[in-house]
Amino acid sequence: MEGDSRRYQRQREAMVKNQIETRGVNDPGTLAAMRRVPRHLFVNEALMDQAYNDHPLPIGEQQTISQPYIVAMMTEALQLNQDDRVLEIGTGSGYQAAVLAEIAYRVYTIERNRTLYESARKMFEGIGYYNIIARYSDGTIGWREESPFDAIMVTAGAPEIPKPLVDQLATGGRMVIPVGSSLSQKMIKVVKEDQGLHQSELGGCRFVRLVGQYGWRDA
Ligand code: SAH
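None of the values given here were measured: they were computed from a predicted structure.

A. The arrangement of the site of the ligand in detail. The immediate surroundings of the ligand are formed by 27 residues, with Ser 93, Glu 111, Asp 138, Gly 139 and Val 211 found nearest. In the environment of the ligand, an oxygen atom lies 2.6 Å from a nitrogen or oxygen atom belonging to the side chain of Glu 111. Here the ligand loses 98% of its free accessible area of 580 Å² to cover by the protein chains. Elements represented by at least two residues in the shell around the ligand include exactly strand E2 (63-65), strand E3 (85-89), helix H4 (95-103) and strand E4 (106-111). Of all the elements, E2 adds the most residues to the shell around the ligand, at 3 residues. Here the residues of the shell around the ligand sort into 9 nonpolar, 13 polar and 5 charged.

B. View of the environment of Glu 88. Counting through the fold element by element, Glu 88 comes out in strand E3. Taking the relative accessible area as the measure of exposure, Glu 88 reaches 1% and is therefore buried. When the C-alpha positions of Glu 88 and Ser 119 are compared, they lie 16 Å apart, and in sequence the two are 31 residues distant. With sequence-adjacent residues up to four places away left out, Glu 88 is seen in contact with Gln 96, Ala 97, Leu 100, Tyr 108, Thr 109, Ile 110, Met 153 and Thr 155.

Parameters and conventions
Residues numbered from 1 in each chain as written. Predicted model: local features only at pLDDT ≥ 70, side-chain atom pairs only at ≥ 80, totals over all residues. Heavy atoms only, no water. Near = heavy atom within 4 Å. Polar contact = N/O pair within 3.5 Å; in protein donor to acceptor, adjacent residues only side chain to side chain. Areas by Shrake-Rupley, 256 points an atom, 1.4 Å probe, with all protein chains shown as cover. Helix = DSSP H or I, 4+ residues; strand = E, 2+ residues; numbered from the N terminus. Nonpolar A, V, L, I, M, F, W, Y, C, P; charged D, E, K, R; others polar. Buried < 20%, exposed > 50% of the residue type's maximum accessible area, 1.4 Å probe, protein only. Contact = heavy atoms within 4.5 Å.

The quantities given are spatial measurements derived from coordinates; they are silent on function.
Rendered as structure tokens:
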């Protein structure tokens, strides 16, 4: 892959081993995806050497690319199959969408910041992620025309679970979303079953805010 190198591949191997497997992520598809996606290409050139470190990084527009472990943990939680259609809210750098696109059939991703949307689209095209479809919009209302989705991932912190996203989840579908205050959230997993919704908590986290009609109302 262009722009990748042995050095970055080694850093990725170490990232998966020391940050992700040790913390208990063991889904083979998730681990393979984390080994493949060139995370350093999704950050600013000046930060490339930090791309595989154990923390989030700024991506401009006051937003961040999540810590690698958080990306892996959320990906595993979605229990993806290779024919799944996935919706992601908060494209940001595009890295998480690329990880999902390594595993699932198709990824629909929505970003409300035009600058980030444009640059992520270029990345997808440049690297060749043709199964990612990006949209510039408010993701809290979902993507009705393409619903229902087998899995939904929200990568910004919400005050509550946006109702349109629950409605757009297929029966048997899984969603992960950080819910809480703007300072700290709990990662919530929602499974839509025949009998109704099943919710569980996957631990504490801290994300930038989900801003929109069914999110935080102020920018
Ligand atoms: N998944 C990203 C990280 C996202 S940071 C990555 O892998 O890099 C959170 C992103 O959510 C920011 O880019 C922010 O602009 C976006 N966001 C916030 N509210 C949103 C909304 N209502 N719809 C779409 N994107 C939103």
